[in-house]
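# Analysis of the macromolecular model
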Amino acid sequence: MPPRWRPSLTLRLALLFALLSTLILLGLGLFVGREVDTHFREGDLEELHGKLTLSRGIIATLPEEKLLETLPNRLGPALLGHPHLGLTVLDPEGFPLFIGGTGIPEWLLHYPPAPEEAEHPTAYAGGDPGRKPQRGILALARTSDGQRVQVAITVDIEHHQHFMAGFIRSLAWALGLAILGNLLCAWIAARRGLAPLGQLLGLARRVSSERLHERLETEPLPPELQPLARELNQMLARLEDAFTRLSGAASDIAHELRTPVTALMTQTQVALSRARSAEEYREVLYSSLEEHERLSRMIGDMLFLAQAENGLMVPHREQVDLAALLQSLEEFYGLLAEEKGVHLEVDGSATVSGDALMLRRALGNLISNALRYTPAGATVHLRIAPDSTGAVEISVENPGPPIPAAQLERIFERFHRVDGARQRGGEGGAGLGLAITRSIAVAHGGDIRAECAAGLTRFTLRLPGRE
């Protein structure tokens, strides 16, 4: 089935503009035509009423028996120079007393005459067969002796009709040319107006993994397209950032996997290089098991992050006593802290709605990270403090090496380390611990921030209060 034809946006705009302008011109032409026709009709009525007033004035000075012989001399001069006028006076029986101009209008005599007191009787349009079209009035007049007569006055309107017919023809031609001209101008204007869309199309065609840095210049664009261009630039910036992160993550994953895989291969090759005792093989297997556990933790952490970033990690909501949770973590990390000569101190209490296991993992990552960098003899402070908005902030503060300000935001990225070193050992040794902590905070509707000042490093996990 062939694809259905769809008109272009340029053609649509051109047709719409041409249609609107055509309707405007057509309405203007109809208005002008009506005004011209009204002007002609009013001119005819003024002339007809003027002749009626003159005729009534003359008839009112004459008795009925004098009308037949006097009216030609009195009304005849009033028609001189007016070949388009007709004036007829009839007695009550319909006998013509005076016929002047274009003759007796038989068509007009079928209408009822207006009374003699009517100054502006109704005008009718019509005509006898074979004669020119006319507009006329029929009214009564009274003689000096009180007798009533009919006065019929007509004016030819053929030249008016010819003028209006020519006007309509000219209007039709002008309207047709105007439609074509408007269509052409509208097409040109629409094409020029939509030309900036070609820049957007060109940029979209050029976008690739190697050219994500390209951006549109918004200043030369029309105001209507500037928001679209800015959104497109922001989208490209997000794509570039995501692609950069993805490329870096792929490189980091390959590096992190290469180390344990290389260790496993080396151990296996060494073990197979010569015959060994069962105890030596057992040591090799234990060493391999450690590397496998590290690989398993890393893969589990990456799967956890992938699920969290795609909205698949839904916390199991329950009421969590943060003070009790930190006390249990203090006991869990107590031996490690004692080995390093570091003290753990818990202060504050609050209850939040969240997943206890996920929150334990997030706070455990922060405590483990603090213990790693806290010097011997120092104290790691674990504080719980509700704020004025009802949220709860859990902070983990420790003395230690400062984090550069430029790195405070990036430390929550996966595989990111401040010194760039590839450390090993312990949860988060692959650079995933803080990324996991942030994903847990976001899954709970909270956030996390890092601060470094006066030789102290503080991580603050902010969670919504109890529901």
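Higher on the page you've got the structure.
This one's a predicted model, so the numbers in the text were calculated from it and none came from an experiment. (Residues numbered from 1 in each chain as written. Predicted model: local features only at pLDDT ≥ 70, side-chain atom pairs only at ≥ 80, totals over all residues. Heavy atoms only, no water.)

### Comments concerning the packing of aromatic side chains
The geometry of an aromatic ring pair is captured by the separation of the ring centres together with the interplanar angle, meaning the angle of the planes. On inspection of all chains with the given rule, the structure shows five aromatic pairs. Each ring, one from Phe40 and one from Phe163, has its centre 5.4 Å from the other, and the planes form 85°; the classification is edge-to-face. Of this pair, Phe40 sits in helix 1 (residues 9–59) while Phe163 sits in helix 3 (residues 158–193); the two residues are 123 residues apart in sequence, bridging distant segments of the chain. Classification of Phe163 as partly exposed rests on a relative accessible area of 42%. On the numbers, 6.1 Å between centres and 85° between planes, the contact of Phe412 with Phe459 is edge-to-face. With Phe412 in the loop between strand 10 (392–399) and helix 10 (433–443) and Phe459 in strand 12 (residues 456–463), this residue pair connects regions lying 47 residues apart in the sequence. Phe412 sits in the buried class, given a relative accessible area of 3%. Counting every residue linked through ring pairs, the aromatic cluster contains Trp107, Tyr111 and Tyr124. Taking NZ or CZ as reference, Arg360 lies 5.8 Å from the ring centre of Phe332, over its face. (Phe/Tyr/Trp six-rings, centres within 6.5 Å; stacked < 30°, edge-to-face > 60°. Helix = DSSP H or I, 4+ residues; strand = E, 2+ residues; numbered from the N terminus. Buried < 20%, exposed > 50% of the residue type's maximum accessible area, 1.4 Å probe, protein only. Lys NZ or Arg CZ within 6 Å of the ring centre and 35° of its normal.)

### Considering the pattern of salt bridges
Under the criterion given, the structure shown has 14 salt bridges. In this structure, Lys132 engages Glu158 in a salt bridge whose closest nitrogen and oxygen atoms are separated by 3.8 Å. One end of the pair, Lys132, is in the loop between strand 3 (124–126) and strand 4 (134–142); the other, Glu158, is in helix 3, and 26 residues separate them in sequence. Each of Arg383, Asp387, Glu393, Glu397, Arg449, Glu451, Arg458 and Arg462 takes part in one network of salt bridges that share partners. (Salt bridge = Lys/Arg side-chain N within 4 Å of Asp/Glu carboxyl O.)

### Observations regarding unusual backbone geometry
Even without being a glycine, Ala454 presents a positive backbone phi close to 55°. Residue placement: Ala454 occurs in the loop between strand 11 (447–453) and strand 12. A relative accessible area of 83% places Ala454 in the exposed class.

### Structural notes on helix 10
Residues separated by three or four positions in an α-helix point in the same direction, a consequence of the helix having 3.6 residues per turn. Across the 11 residues that make up helix 10, a large majority, eight, are buried. Buried residues of helix 10: Gly433, Leu434, Ala435, Ile436, Thr437, Ser439, Ile440 and Ala441, and no others. Once helix 10 finishes, Gly445 follows within two positions and takes phi at roughly 80°, a positive value.

### A word on the pairing of strand 2 (residues 96–101)
Examined bridge by bridge, strand 1 (residues 85–90) and strand 2 share five bridges and lie antiparallel to one another. Looking at strand 2, one finds that Thr88 is bridged to Ile99. (Pairing = 2+ DSSP bridges.)

### Describing the environment of Asp128
Its location among the elements puts Asp128 in the loop between strand 3 and strand 4. Taking the relative accessible area as the measure of exposure, Asp128 reaches 11% and is therefore buried. Once you skip the residues sitting within four places of it in the chain, Asp128 turns out to touch Ile104, Pro105, Glu106 and Trp107. In this structure the side chain of Asp128 is engaged in a polar contact, spanning 3.1 Å, whose partner is the backbone nitrogen of Glu106. Within polar-contact distance, the side chain of Asp128 engages the backbone nitrogen of Trp107 at 2.9 Å. (Contact = heavy atoms within 4.5 Å. Polar contact = N/O pair within 3.5 Å; in protein donor to acceptor, adjacent residues only side chain to side chain.)

### Some details on the nonpolar core
Ranked by internal contacts, the top residues of the largest apolar core, which has 44 residues, are Leu322, Leu326, Leu363, Leu371, Val380 and Phe459. Per-element tally for this core: the top contributor is helix 9 (residues 356–373), with eight residues. Those residues in contact with Leu326, other than ones at most four positions away along the chain, are Val346, Leu363, Leu382, Ile384 and Ile394. Counting residues in hydrophobic clusters, the runner-up holds 23 residues, among them Leu67, Leu71, Leu97 and Ile153. (Core = buried A, V, L, I, M, F, W, Y, C linked by side-chain atoms within 4.5 Å.)

### Topic: helix 2 (residues 64–75)
Along helix 2, the residues classified as buried are Leu67, Thr70, Leu71 and Leu75. For helix 2, the buried positions fall inside an angular range of 125° around the axis, keeping them on one side. Structural note: helix 2 exposes Glu65, Glu69 and Asn73 on the side pointing more than 90 degrees away from its buried face. In this structure, the buried side of helix 2 is in contact with helix 1, strand 1, strand 2 and strand 5 (148–156). (Arc of directions from axis to C-beta.)

### Notes on the side chain of Thr22
Tracing the sequence through the fold places Thr22 in helix 1. If we ignore the near neighbours within four places in the chain, the residues touching Thr22 are Leu175 and Ile179.

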